[in-house]
Amino acid sequence: MLNYYKTIENRIVKIDRVENGCWVSVIAPSEEEIRILVDEMQIDPGFVRAALDEEEASRVDSDDDNTLIIVDVPIAEKETDDTTVVFSTMPMAIIYTPQYLVTISLKPNSIIDEFSNGIIKNLHTAQKTQFLLKMLLRIANRFLQYLKQIDKLSDTTESLLHKLMRNKEIIQLLGLEKSLVYFSTSLKSNEVTLEKIMRGRIIKLYEEDEDLLGDVIIEIKQAIEMCSIYSNILSGTMDAFASIISNNLNIVMKTLTSLTIIMTIPNIIFGMYGMNVSGLPSPTFLTSIVATVLLMAVTALILSRKGLLK
């Protein structure tokens, strides 16, 4: 999908064709749209291929007057059961050209939607550097927003685990822990990319641009710190629940073993009195019953005092 947007009377408006000072939004492009990017808009084919590689790492690259900036964007998707939310990241390319700014994404994301729908105020597509930095700032804010959601989800799941030790909640905590690993890796890569831009060698920065980029870097550093804290907390929580589950299993096994010992006594007594031999004391049915009950009671009392029946 290939769309063109331009700021007209302080509003983001969709236009029919590419113009100087516009923003070109490309999402999951077809072969025809890729041809338009390469042949008509004169974008380096290598930049386009890199933008469409879902494994591409965050980086900056320049070729003549065009600059490729790839950053990782956080996404939240629901699984097939429509209850579990999976957080991950995907690369998004921002190509900075003298005429316009181009964004290329493998699939729709909330950042592009917010910009194209005019939710972000004071945007001017002709001010390409400001537009780029505001997009980077929005990406950093989205990381922070999703990190807070992950923290709330982990707290809710932990509360459920206190009541019900089910595999579903444990699997969900594992998924959140994996999401934090993805976020941490992407945030660190984005930080390196932003620091390269901060040097001003790739894109010319004015004083107000440097201030805005500084805000983006601060947000990214804050997200990295939050990600590290939440990851440590979640890891400690998983270890604690693993210990609790192991301890509960030990308690159950201990109780079952004690009951097995008690239930073995009748077999021993009845086995002795059931043998076809002479010389047994009081070889009557009542004697075997009384002896069995007494031995079971004494054994249960001893095991109970040692804490083996709790």
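Here's what I pulled together on the structure shown here.

Cut-offs applied
- Residues numbered from 1 in each chain as written.
- Predicted model: local features only at pLDDT ≥ 70, side-chain atom pairs only at ≥ 80, totals over all residues.
- Heavy atoms only, no water.
- Patch = residues over 30% accessible without salt bridge, like charges linked within 9 Å, V, L, I, M, F, W, Y side chains within 5 Å.
- Areas by Shrake-Rupley, 256 points an atom, 1.4 Å probe, with all protein chains shown as cover.
- Salt bridge = Lys/Arg side-chain N within 4 Å of Asp/Glu carboxyl O.
- Helix = DSSP H or I, 4+ residues; strand = E, 2+ residues; numbered from the N terminus.
- Core = buried A, V, L, I, M, F, W, Y, C linked by side-chain atoms within 4.5 Å.
- Buried < 20%, exposed > 50% of the residue type's maximum accessible area, 1.4 Å probe, protein only.
- Contact = heavy atoms within 4.5 Å.
- Pairing = 2+ DSSP bridges.
- Axes fitted to C-alpha atoms, helices over the stretch in contact; angles between N-to-C directions.
- Parallel < 35°, antiparallel > 145°, perpendicular 65-115°, else oblique.
- Left-handed = near helix turned anticlockwise from the far one by under 90°.
- Nonpolar A, V, L, I, M, F, W, Y, C, P; charged D, E, K, R; others polar.

**Focus: a nonpolar patch on the surface**
Phase 1 of the analysis: Side chains of L249, V252, M253, L256 and L259 sit close together on the surface and give an oily, nonpolar patch of about 460 Å² of accessible area.
Phase 2 of the analysis: Take L249: it is sitting in helix α6 (residues 207-273).

**Details of the nonpolar core**
Phase 1 of the analysis: M135 and L136 are the most contacted members of the largest nonpolar core, which totals 54 residues.
Phase 2 of the analysis: Breaking this core down by element, the ones donating at least two residues are β3 (23-27), β5 (66-78), β6 (85-96), α3 (110-116), α4 (128-163), α5 (167-198) and α6.
Phase 3 of the analysis: In this structure M135 touches W23, M92, I94, T103, I111, I112 and F115, once residues within four positions along its chain are discounted.
Phase 4 of the analysis: Counting residues in hydrophobic clusters, the runner-up holds 23 residues, among them Y4, V38, Y100 and I104.

**Here we look at the sheet that holds β6**
Phase 1 of the analysis: The strand order across the open sheet built from 7 strands is β2-β1-β3-β7-β6-β5-β4, with neighbouring strands paired in mixed fashion. Only two strands of the sheet have a single neighbouring strand rather than two, namely β2 (11-15) and β4 (59-63). The mean inter-strand angle of the sheet, taken between neighbouring strand axes irrespective of direction, is 25°.
Phase 2 of the analysis: Note: strand β1 (residues 2-8) against β3, 4 bridges, orientation antiparallel.

**Re the packing of α4 against α6**
Phase 1 of the analysis: The contact between α4 and α6 brings their axes to 9 Å, and the two run at 15°. Put simply, α4 runs roughly parallel to α6. In this structure, α4 meets α6 at a crossing whose hand is left-handed.
Phase 2 of the analysis: Per-class residue counts for the contact of α4 with α6 are 18 nonpolar, 7 polar and 8 charged.

**With respect to the pattern of salt bridges**
Phase 1 of the analysis: Taken as a whole and assessed by the stated rule, the structure comprises 11 salt bridges.
Phase 2 of the analysis: Residues E32 and R35 are paired through a salt bridge, measuring 2.7 Å at the closest nitrogen-oxygen approach. One end of the pair is E32 and the other is R35, both in helix α1 (residues 31-40) and 3 residues apart, which spans about a single turn.
Phase 3 of the analysis: When its relative accessible area of 44% is taken as the criterion, E32 is described as partly exposed.
Phase 4 of the analysis: E40 is paired through a salt bridge with R35; the nearest N and O atoms lie 3.6 Å apart.
Phase 5 of the analysis: Exposure remark for E40: the relative accessible area of 53% places this residue in the exposed category.
Phase 6 of the analysis: You can call R35 partly exposed: its relative accessible area is 34%.
Phase 7 of the analysis: The network of salt bridges with shared partners includes E32, R35, D39 and E40.

**Quick notes on the pairing of β5**
Phase 1 of the analysis: Here β5 lies mainly inside the structure; 10 of its 13 residues are buried.
Phase 2 of the analysis: Pairing of β4 with β5, which is carried by 5 bridges, proceeds in the antiparallel orientation. Within β5, the position partnered with R59 by the bridge is I70.
Phase 3 of the analysis: Taken together, β4 and the strand that follows it, β5, pair antiparallel across an intervening segment of 2 residues, in which D64 is found at a positive phi of about 60°.
Phase 4 of the analysis: The pairing of β5 with β6 spans 12 bridges and is antiparallel.

**Things to note about the packing of α6 against helix α7 (residues 285-305)**
Phase 1 of the analysis: At their nearest, the axes of α6 and α7 sit 9 Å apart, and the two run at 160° to each other. Looking at the two axes, α6 sits roughly antiparallel to α7. Pair α6 / α7 crosses with right-handed handedness. Residues S258, I261, I262, M263, I265, P266, I269, F270 and Y273 of α6 form the contact with α7, whose participating residues are T287, S288, I289, A291, T292, L295, M296, T299, A300 and L303.
Phase 2 of the analysis: Along the lines of polarity and charge, the residues of the contact of α6 with α7 split into 14 nonpolar, 5 polar and no charged.

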